[in-house]
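Close look at the chain arrangement
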Amino acid sequence: MDSILIVDDEKDILEALRRMLRGLYAVDIADSPIEALQLIQSKVYHVIISDQRMPEMTGVEFLEKAKRLSPLSTRILLTGYTDIESVIDSINRGNIYRYISKPWEPEELKLTLRQANESFLLKREIEEKNRNLEQALKELRVLDQAKSRFLALVSHELNTPLTVLNSFVELISEQKEELSAEFSKAFSSIEGASHRLSDIVREVVEYVRLESNPQIHKSPTDLSALLKEVVTQLQEKARTKKVTLQFLTSEKVVLELDQEKIRVGLKGLLEDAISRSPENSPVEIKLTEAGGSVTLLVTRSGLPMTDEALKAFETGQSLMNHHQNLALGLAICRTVLERHSAKMSLQNSNQQSTISIEIKKLGD
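Residues numbered from 1 in each chain as written. Predicted model: local features only at pLDDT ≥ 70, side-chain atom pairs only at ≥ 80, totals over all residues. Heavy atoms only, no water.

In terms of helices and strands, the protein chain carries 10 helices and 12 strands. Taking 21 Å as the expected radius of gyration for a compact globule of 364 residues, we find that the protein chain reaches 35 Å, considerably beyond that expectation. Expressed along its principal axes, the backbone C-alpha trace of the protein chain runs to roughly 110 × 50 × 35 Å. For the protein chain, the proportion of its 364 residues judged to be buried stands at 38%. Once local pairs closer than 6 in sequence are excluded, the contacts in the protein chain between residues at least 24 apart make up 67%. Just so you have it, the protein chain exposes about 20,700 Å², and 53% of that area is on carbon and sulfur atoms. In the protein chain, which carries 47 positive and 55 negative side-chain charges, the distance between the mean positions of the two groups comes to 2 Å. (Helix = DSSP H or I, 4+ residues; strand = E, 2+ residues; numbered from the N terminus. Rg over C-alpha atoms; globule rule 2.2 N^0.38 Å. Buried < 20%, exposed > 50% of the residue type's maximum accessible area, 1.4 Å probe, protein only. Contact = heavy atoms within 4.5 Å. Areas by Shrake-Rupley, 256 points an atom, 1.4 Å probe, with all protein chains shown as cover. Lys, Arg positive; Asp, Glu negative; His and termini not counted. Charge placed at Lys NZ, Arg CZ, Asp CG, Glu CD.)

So this is what it looks like as structure tokens:
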């Protein structure tokens, strides 16, 4: 049964209220505020009712102390009209939920108590949910930190044998012409696998670095020139895939950006476009200015994607489709852009997929 505490220096009032509420609530009574405060320290009351005029302290003063001891308890004051100013002040400060004038109407009092009890139950439910949410948030933070540590450890441990492997691949490639046809074919497979593994490790390391270092340092940056630089770096990868990179912008576009992080993001974006494009197809890169923003469009043909592709380790395609990377390129790009307050979106139409990026112009 829900508990109620009634405080009044008039014992007849206490007994009358206890009889009236018998069977509805578990009622405790106290004939002094000091005794009542001791009870509050040992038990949680849904509702606390106090008379205003008492010898040791006023009801307003008592309920203010009760609030500090039991903030969730709903507090009600019994008072006469002559005390109305102090009552209103206490309501405004949140020390009491409602006041009941003497003499009270029994049904009105019962209704007020029912509402007060419901208020306590609602506050307790909200507090419990908040505690659960805080606990869930702590657990998510722990998992996120564990994920970052795991990825950092894995990428570090992969890098060591990979460095050895790549060294020997490079050494053998210098003597590739001396290999038999059978060994040459096997070596080409090893070389391709080592390059693929290098790309995977590099992406994981980059993603972990961005996740663990959210700070950005902006400076005026020519986005057009930066794009040209990244396109030039990826030409060999595009030729290997038999994909053409078409950069359609030559004008200078200056924005406040973290140049190094944006370079990493753009590289992840274009590498993803190359990997998803079918052979002998173009990747169109277009930079435009309109109003107060700059828009970058990267369009390719091939299988469409869903918005899931913008998340880490999500390809945005059916699991039945083969996709040869960890799908980190777009996640890296999105992470960088979010820290620049840029918008990134995906559109699919006419057998094409377009990644659209909108960035605010310098000074806007």
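Turning next to the environment of R53. On the secondary structure map, R53 appears in the loop between β3 (47-51) and α3 (59-69). Separated by 25 residues in the primary sequence, R53 and L78 place their C-alpha atoms 8.8 Å from one another.

We now examine a nonpolar patch on the surface. Side chains of V164, F168, L171, I172, L179 and F183 sit close together on the surface and give an oily, nonpolar patch of about 560 Å² of accessible area. The biggest single contributor to the nonpolar patch is helix α5 (residues 106-173), with 4 residues. Among the secondary structure elements, F168 is positioned in helix α5. (Patch = residues over 30% accessible without salt bridge, like charges linked within 9 Å, V, L, I, M, F, W, Y side chains within 5 Å. Salt bridge = Lys/Arg side-chain N within 4 Å of Asp/Glu carboxyl O.)

On to empty space enclosed by the protein. Taken as a whole, this structure holds 2 cavities of 30 Å³ or more when the rule is applied. Within this model, the largest cavity holds a volume of roughly 50 Å³. Every residue along the wall of the largest cavity is listed here: L269, D272, A273, V298, R300, M305, L330, S353, T354 and I355. Mapped by element, the contributors of at least two residues to the lining of the largest cavity are α9 (259-276), β10 (293-301) and β12 (352-360). Each residue belonging to the lining of the largest cavity can be placed in one class, and the counts come to 6 nonpolar, 2 polar and 2 charged. In this model, the second largest cavity occupies a volume close to 40 Å³. Contributing to the lining of the second largest cavity are L223, I262, L266, L296, L337, I357 and I359. Of all the elements in the fold, those that place two or more residues in the lining of the second largest cavity are α9 and β12. In terms of residue class, the lining of the second largest cavity is made up of 7 nonpolar, no polar and no charged. (1 Å grid on protein atoms, 1.4 Å probe; cavity = no way out; pocket = protein on both sides within 12 Å on 5 of 7 lines; lining within 4 Å. Points joined across faces, edges and corners; volume = space filled by probe spheres on them. Nonpolar A, V, L, I, M, F, W, Y, C, P; charged D, E, K, R; others polar.)

As enumerated under the stated definition, the model contains 14 salt bridges in all. Between K102 and D51 there is a salt bridge, with its nearest N and O atoms 2.6 Å apart. In this pair, K102 is assigned in the loop between β5 (98-101) and α5 and D51 in strand β3, connecting sequence segments 51 residues apart. Taking relative accessible area as the criterion, D51 reaches 5% and is therefore assigned buried. Between E127 and R131 there is a salt bridge, with the nearest N and O atoms lying 3.0 Å from each other. Linking E127 with R131, this pair stays in helix α5, spanning 4 residues, or about one helical turn. In this structure E127 comes out as partly exposed when scored by relative accessible area, which is 32%. Beyond isolated ion pairs, a larger network of salt bridges with shared partners links E127, E128 and R131.

Further remarks concern the sheet that holds strand β4 (residues 74-79). Read from one edge of the open sheet, 5 strands run β2-β1-β3-β4-β5, paired in parallel fashion. Lying at the two open borders of the sheet, with one neighbouring strand each, are β2 (26-30) and β5. Going across the sheet, the axis of each strand differs from the next one's by a mean of 20°, ignoring polarity. Pairing between β3 and β4: 5 bridges, direction parallel. Within β4, the position partnered with I48 by the bridge is R75. In the packing of helix α1 (residues 11-21) onto the sheet, contacts are made with β1 (3-7), β2 and β4, and the angle to β2 comes to roughly 180°. (Pairing = 2+ DSSP bridges. Axes fitted to C-alpha atoms, helices over the stretch in contact; angles between N-to-C directions.)

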